[in-house]
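A closer look at the structure
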Amino acid sequence: MSKESFKEFVRKNPKLVTHVNSGDMNWQKFYEMYDMYGEENEVWTPYLATPKKKEENTHSDFMDYFKNINLDSVQESIASIQRVLGVLGDLAVTKEATDTKPAYEPKPIYKHFDD
């Protein structure tokens, strides 16, 4: 088998590119498989098969996820986050109160020694 026929095979089956890009296989191994088995062998089925989508179970998986949530722990987490935000807010308010300094007022140039 020639390289050109292998390139044509890859153009017909672009899923091979995804396997190489993901690091599952490399072009050398694919070419060796192509050279040994040809295009029509069942060795290509794992690489050319379309993965089946799990759309039917998506809804039930989503619901199972929410069924397994412990609402008491969620409420405790929210309460602790509120306490932390309250402490941070208090720190910000006290810092602003202590940072207020009287504004600098420059003295006029023509005035000498508080005349």
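A short tour of the structure in this document, coming up. (Residues numbered from 1 in each chain as written. Predicted model: local features only at pLDDT ≥ 70, side-chain atom pairs only at ≥ 80, totals over all residues. Heavy atoms only, no water.)

**Concerning the packing of aromatic side chains**
So the rule is basically this: Aromatic rings from Phe, Tyr and Trp, with only the six-membered ring used for Trp, were paired whenever their centres fell within 6.5 Å, and each pair was classed as stacked if the ring planes differed by under 30 degrees, edge-to-face if by over 60, and tilted otherwise. Numbering of helices and strands runs from the N terminus, with a helix taken as a DSSP run of H or I at least four residues long and a strand as a DSSP run of E at least two residues long.
Per the stated rule, a full pass over the model turns up eight aromatic pairs. Here F6 and W27 contribute two aromatic rings whose centre-to-centre distance is 6.4 Å and whose plane-to-plane angle is 80°, an arrangement assigned as edge-to-face. Remark: W27 occurs in helix α3 (residues 27-37) and F6 occurs in helix α1 (residues 3-12); sequence separation between them is 21 residues. An angle of 85° between the planes, with centres 5.2 Å apart, marks the rings of F6 and Y31 as edge-to-face. Pair noted here: F6 is in helix α1 and Y31 is in helix α3, with a separation of 25 residues, a long-range link. What links up through ring pairs into an aromatic cluster is the set F6, F9, W27, F30, Y31, Y34, W44 and Y47.

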